[in-house]
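Analysis of the macromolecular model
Chain by chain, the residues:
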Amino acid sequence: PSITRGVTTEVPKVSWEDIGGLKDLKKKLQQAVEWPIKHSAAFARMGISPIRGVLLHGPPGCSKTTLAKAAANAAQASFFSLRYHCAIFSYLVKCGAELYSMYVGEGEALLRNTFQRARLAAPSIIFFDEADVVAAKRGGTSSNSTTVGERLLSTLLTEMDGLEHSKGILVLAATNRPHAIDAALMRPGRFDLVLYVPPPDLEARYEILGVHTRKMKISNDVDLRRIAEDSELFTGAELEGLCREAGIVALRENISATVVCNHHFQTVKEALKPALTRAEVG
Ligand code: ATP
């Protein structure tokens, strides 16, 4: 079976307005992603070479993937997502070379093929979720898995260096474990911009609740600011889940319901425990 098929290239429909909070971060991404594509002549005039790679790091469920999609949408760039392939790589690396021999060279072929397709479709964004798998530090504990990881890493390094001669291609990578990324990727011309995507603060939580209730009819007794205050440590993904579940509770109560009320939100909230701890949030 080939794992080199099926790299998704959908044009993401997500926009900056679909992401609550993170105002400064969105601006930085906008400059790094949109400007070199939309204003490439200005970059050439000023003799500035655009950033080739951006690393987004932070806890799960806090919008790293969504930010990458919104950036691609804003720049009208093709979006080559290796989200699912990274999960497969992760499995292969864990299993070591024995199983990997079945797929010898497929991981590297996938990377080369994706960069090639991205060059043809430029402007393009190549997105790696779980980047620490493809870009893992060399010299791990198991010699087998190191070999597998090293081959992926060295292909990625070669391809990223090759971007010097290509216009309109950016690599966006996301990880929850930035320290596991090999230092070679942090050298100039590779991941030049490293952005921390934090868990949402109060204002961001309020905005996220606003985003995920936009299409919902909510009753006047729902106070989103109050819910935001009571949901410290909740990630964006958990707040999205809270809104969806509140809608489901309303329907469970009455399948003909048209509005979601405060008690629906409260029922769900009481049953939810945030995955993040205070120590992680800092
Ligand atoms: P992981 O590390 O697990 O891949 P992630 O940081 O990439 O997570 P996303 O996949 O972007 O997170 O977000 C998960 C879900 O949570 C998405 O459906 C997204 O809509 C929602 N979400 C997270 N943060 C926000 C936010 N700031 N505003 C609106 N929705 C958000």
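Residues numbered from 1 in each chain as written. Predicted model: local features only at pLDDT ≥ 70, side-chain atom pairs only at ≥ 80, totals over all residues. Heavy atoms only, no water.

Here's the deal with the environment of Thr114
- Note on placement: Thr114 falls in helix α6 (residues 106-120).
- Thr114 sits 32 residues away from Leu82 along the chain, and the two C-alpha atoms are 8.8 Å apart.
- At a separation of 2.7 Å, a polar atom in the side chain of Thr114 contacts the main-chain carbonyl oxygen of Leu110. (Helix = DSSP H or I, 4+ residues; strand = E, 2+ residues; numbered from the N terminus. Polar contact = N/O pair within 3.5 Å; in protein donor to acceptor, adjacent residues only side chain to side chain.)

Description of helix α9 (residues 202-212)
- Among the residues of α9, Ala204, Arg205, Ile208, Leu209 and Val211 are the ones counted as buried. The arc that holds every buried residue of α9, seen down its axis, measures 155°, which confines them to one face.
- Among the structural elements, α10 (224-229) and α11 (236-253) are those in contact with the buried residues of α9. (Buried < 20%, exposed > 50% of the residue type's maximum accessible area, 1.4 Å probe, protein only. Arc of directions from axis to C-beta. Contact = heavy atoms within 4.5 Å.)

What about the nonpolar core?
- Judged by nonpolar contacts, the single largest core of 28 residues is most densely connected at Leu29, Val33, Val54, Leu67, Ile125 and Leu172.
- For this core, the secondary-structure elements that each account for two or more residues are α1 (23-38), β1 (53-57), α3 (64-74), β3 (124-128), β4 (169-175) and β5 (191-196).
- It is α3 that contributes the most residues to this core, 6 residues altogether.
- Leu67 has contacts with Trp16, Ile19, Leu22, Leu25, Lys26, Leu29, Leu56 and Val197, leaving out every residue within four places of it along the chain.
- Formed by 25 residues, the second largest nonpolar core is a distinct cluster that contains Leu55, Leu111, Ala131 and Leu156. (Core = buried A, V, L, I, M, F, W, Y, C linked by side-chain atoms within 4.5 Å.)

Here's the deal with the pairing of β1
- Counting buried positions along β1 yields 5 of 5 residues, so the element is predominantly enclosed.
- What you see with β1 is no split at all: Gly53, Leu55 and His57 on one side and Val54 and Leu56 on the other are buried throughout.
- Where β1 lies against β4, 5 bridges are found, and the strand directions are parallel. Looking at the pairing, Leu55 lines up with Ala173 of β4.
- The pairing of β1 with β5 spans 5 bridges and is classified as parallel. Looking at β5, one finds that Leu56 is bridged to Leu195. (Pairing = 2+ DSSP bridges.)

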